[in-house]
Structure formats: C-alpha cells, structure tokens
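Architecture and fold: a report
Take a look at the letters that make up each chain.
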Amino acid sequence: MSNIYSPNMARVVEIRNETSDVKSFCFEFIDPELRQNFTWKAGQFLILSVFGVGEATFTFANPQTRKQFVECSIRKVGLVTEAIHELEVGDTVGIRGPYGNWFPFEEFKGKNLLFVAGGIGIAALRSPIEYSLDTRGDYGKITILYGARSPMDICYKDKIAEWQNTDNVEVALTVDRGNDEWQHRVGLIPVILKEMNPAAENTVAIICGPPIMIKFTLKALAELGFADDNIVTTLEMKMKCGLGKCGRCNIENLYICKDGPVFYYSQLKNLPEEY
Ligand SMILES: Cc1cc2nc3c(=O)[nH]c(=O)nc-3n(C[C@H](O)[C@H](O)[C@H](O)COP(=O)(O)OP(=O)(O)OC[C@H]3O[C@@H](n4cnc5c(N)ncnc54)[C@H](O)[C@@H]3O)c2cc1C
Ligand code: FES
C-alpha cells in the first residue's frame, strides 16, 4: 500500500486543456501493486512533486469510484504549477498521500445535495459530485451551481454535459461576464443561488471557491434557511508536510491538513474574520 511519507513515482498518461490556465492531468503509478490498490475518498488531497522544482498540494479530482488513474485539475499560479503545466505525457512525478479527511457521505444519506462551486473550486467538488452520481440511490435531488469569470473559464465542459443528462440532477451555470454564445446565467453565484431558491429542508450545501465567494454564499445560504450543520466546505491553505507536523496550515487550533480540509460551517463559524 502507499507510504504517505514518501513520494511514489507516477507517470503522466493524459493531459487535457480545460481553460487557458487550467489543465487536467491523469497519473498512473509505476508500481503495479500501487496502481491496483491505491485509493482515496472524495475530498482528500495529495502532494505532487516535480523533481528538481518542488511540491504542491492538489485535491483528487476524480472519486474513488472512478479510480483508473489519479486525476488532478491544476491552475497555473506559480513555480510548481508552471512546471506541472510544462509536463508531457510520459513524464514522471512523485505523488504522496492521500491526506486529510473527506466529505461525510454517510451523514448525507437520504438528503438532497446542493453543490456550489466557484472558479477552480470546481476541481475540489468534481470528486464528491461524481461520487454522489455513482451512489445516486443514496440521495434525493442533486443540484449543481457552478460559476466562473467568463465562458472561457468554465472547466469540465464534457463532464457538465454528462451531469446535465442525469435524472433528477439540476445543473446551473453562471458567469460574471457572458458573450454572444453564452446561453446560461450571468451574475454572481450568491445572487443566482438566491434566485434558484433551493429548499433548505433536508438539503446539505457543499461549497468550494475563492474566499469572497464563500463569504457571500454562506450569507445567501443563511438567508435561504440553511442551518450551519447543513453546510460543508473545503478549505485551502498553503501546506508543507500535509501531516499536521510543520504547523504551516493551522487556523487557531485547527490544522487544515489533518482536521480538514473538509469542515462543517458550524466548526468554522467562530474563527477570526480573515479566514
Ligand atoms: C488541500 C488543497 C487542495 C488544493 N487543490 C487544488 C486543485 O485541485 N487545483 C489547483 O489548481 N490548486 C489546488 N490547490 C492550490 C495549490 O496547492 C496551489 O495553487 C499551489 O500550491 C501553488 O504552487 P506554486 O508553486 O505554483 O505557486 P507559488 O509560487 O507557491 O505561489 C503562487 C501564488 O499563489 C499563492 N498560493 C500558493 N499556494 C496557495 C494556496 N494553497 N492557497 C492560497 N494561495 C496560494 C502564493 O501565495 C502566491 O501568491 C490546493 C491547495 C490545497 C491546500
Ligand atoms: S501542512 Fe504541515 S501542519 Fe499542516
């Protein structure tokens, strides 16, 4: 089985361009036993090493129910992510993990699920979305609201078409600025969410996105009647060890890498405003 303390060698087997600054990568472990047995749960993350450059943290974009490869969708923002964007099929990287907790799907059984994703936050919600589609009978209605800056910034166009064609799944797309071809909504996520007016009763809201989007989405959910215990989010902080040892990722007494990255809002509500 995987040793979470040291990187396991993996090969890039597929690269897809999602947008001008986001690419999805499929990795395959070189060790056949690991290829067969490596697993994770939707919401967990891994640390990816580009040899000679450094390492960075990414969420598993695909769920454990679709684990032919390890998949990550990566936005180019700095040193390591630029090096990852230069990778080609056949190149080798190191992967350690899985780390962190996961979305508590056992507790979601019998409930409606409302996913709200902003920007690259969709990478963190794709695995719980696909996991819930693969275990569809356990939940009620599934609603997905995904917003991006512009139509060119929408990731996973093929996946979205698949989700739209699934029974009892509603997908709403919105952008801050549309164009002539855009046939979906235009407007900020919290505003669109309130227009959609999802029933709060028996529904869990699962959100991920930039801090400003999370802040106003939480406000909109409260206005819609969602209880703090029915809101789940996943947090990002700069990480190093991934193991609760280096102290890089803590907020007050919470270590994002070890206690999270998935939290109920009731756990975060009393943290200082800057988080
Ligand atoms: C649990 C977790 C899951 C993540 N999942 C994904 C994912 O699926 N896809 C994805 O594209 N990114 C994801 N990230 C963010 C990703 O780790 C950073 O973008 C990456 O570490 C940047 O590395 P870099 O060397 O390219 O950038 P650097 O050169 O280190 O920094 C570039 C800029 O980004 C800022 N920055 C770097 N890392 C972070 C961070 N974690 N949070 C906020 N700001 C940061 C720096 O302060 C700097 O301004 C995740 C982060 C965490 C903690
Ligand atoms: S990343 Fe080291 S303590 Fe969390």
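These numbers were taken from a predicted model, which means no experiment stands behind them. (Residues numbered from 1 in each chain as written. Chains lettered and ligands numbered in written order. Predicted model: local features only at pLDDT ≥ 70, side-chain atom pairs only at ≥ 80, totals over all residues. Heavy atoms only, no water.)

Moving on, we come to the overall build of the chain. Each helix and strand in the chain was counted, giving nine helices and 15 strands. Against the 2.2 N^0.38 benchmark of 19 Å for 275 residues, the chain shows a C-alpha radius of gyration of 18 Å, consistent with a compact globule. Taking the principal axes of the C-alpha coordinates as reference, the chain spans close to 50 × 45 × 35 Å. The proportion of buried residues among the 275 residues of the chain is 54%. Looking at the chain alone, contacts between residues at least 24 apart form 69% of all its contacts between residues at least 6 apart. Accessible area for the chain stands at about 12,900 Å²; split by element, carbon and sulfur atoms hold 48% of it. (Helix = DSSP H or I, 4+ residues; strand = E, 2+ residues; numbered from the N terminus. Rg over C-alpha atoms; globule rule 2.2 N^0.38 Å. Buried < 20%, exposed > 50% of the residue type's maximum accessible area, 1.4 Å probe, protein only. Contact = heavy atoms within 4.5 Å. Areas by Shrake-Rupley, 256 points an atom, 1.4 Å probe, with all protein chains shown as cover.)

Let's shift gears to the sheet that holds strand 15 (residues 262–264). What the seven strands build is an open sheet, ordered 10-9-8-7-11-12-15; its pairing is mixed. The strands lining the two open edges of the sheet, one partner per strand, are strand 10 (185–186) and strand 15. Of the strand pairs in this sheet, strand 8 (residues 142–148) and strand 9 (residues 169–175) are connected by seven bridges, and their pairing is parallel. Residue pairing across strands places Thr143 opposite Glu170, the latter belonging to strand 9. Across the sheet, helix 5 (residues 157–164) lies against strand 8 and strand 9, angled at about 140° from strand 9, the strand it touches most. Packed onto the sheet, helix 7 (residues 211–223) meets strand 7 (112–118), strand 11 (203–208) and strand 12 (231–234) and runs at close to 165° relative to strand 11. (Pairing = 2+ DSSP bridges. Axes fitted to C-alpha atoms, helices over the stretch in contact; angles between N-to-C directions.)

Looking now at the site of ligand 1. The local shell around ligand 1 holds 19 residues, among which Thr57, Ser73, Arg75, Thr81 and Lys238 are the closest. A distance of 3.1 Å separates a nitrogen atom of ligand 1 from a polar atom in the backbone of Thr59. At 3.2 Å from an oxygen atom of ligand 1 is found a main-chain nitrogen or oxygen belonging to Gly78. Taking 880 Å² as the accessible area of ligand 1 by itself, protein coverage stands at 71%. For the shell around ligand 1, the elements supplying multiple residues, two or more each, are strand 4 (54–59), strand 5 (70–75) and helix 2 (79–85). Ranked by residue count, the leading element in the shell around ligand 1 is strand 4, at four residues. Its residues assigned to classes, the shell around ligand 1 comprises 11 nonpolar, five polar and three charged. (Near = heavy atom within 4 Å. Polar contact = N/O pair within 3.5 Å; in protein donor to acceptor, adjacent residues only side chain to side chain. Nonpolar A, V, L, I, M, F, W, Y, C, P; charged D, E, K, R; others polar.)

Reading across the sheet, the six strands line up as 4-3-6-1-2-5 and stay open at both edges, with antiparallel pairing between neighbours. Sheet topology places strand 4 and strand 5 at the edges, where each strand pairs with a single neighbour. Here the average twist between neighbouring strands, direction ignored, is 40°. Bridge analysis of strand 3 (residues 45–50) against strand 6 (residues 92–99) gives four bridges, and the strand direction is antiparallel. When the bridges of strand 6 are listed, Ser49 appears paired with Gly94. Of the strands in this sheet, strand 1 (8–17), strand 4 and strand 5 are in contact with helix 4 (residues 121–134), which crosses strand 5 at around 160°.

Summed over all chains, the structure comprises nine aromatic pairs. On the numbers, 6.0 Å between centres and 45° between planes, the contact of Phe38 with Trp40 is tilted. The same class applies to Phe38 and to Trp40, which are both buried. Ring geometry for Trp40 and Phe60: centres 4.6 Å apart, planes at 10°, overall stacked. (Phe/Tyr/Trp six-rings, centres within 6.5 Å; stacked < 30°, edge-to-face > 60°.)

What follows concerns the pattern of salt bridges. Considering all chains together, one arrives at 19 salt bridges under this definition. One salt bridge in this structure joins Glu71 and Arg16, with 2.5 Å as the shortest N-O distance. On the criterion of sequence distance, the pair formed by Glu71 in strand 5 and Arg16 in strand 1 is long-range, its members being 55 residues apart. On the accessibility criterion, Arg16 (21% relative accessible area) is partly exposed. Linked by salt bridges that have partners in common, Glu14, Arg16, Glu18, Arg66, Glu71, Arg126, Glu130, Asp134, Lys159 and Glu162 make up one network. (Salt bridge = Lys/Arg side-chain N within 4 Å of Asp/Glu carboxyl O.)

The domain architecture assigned to the chain consists of domain 1 (8–99) and domain 2 (105–234). Between domain 1 and domain 2, the C-alpha centre-to-centre distance is 24 Å. The interface is formed by 19 residues belonging to domain 1 together with 20 residues belonging to domain 2. Taken over both partners, the interface formed by domain 1 and domain 2 buries close to 1,500 Å², and the fraction arising from carbon and sulfur atoms is 48%. When the buried area of domain 1 at its contact with domain 2 is split by residue, Glu18, Arg66 and Arg75 rank highest and sum to 32% of it. (Domains from an automatic or database assignment. Buried area = accessible area lost by both parts, 1.4 Å probe.)

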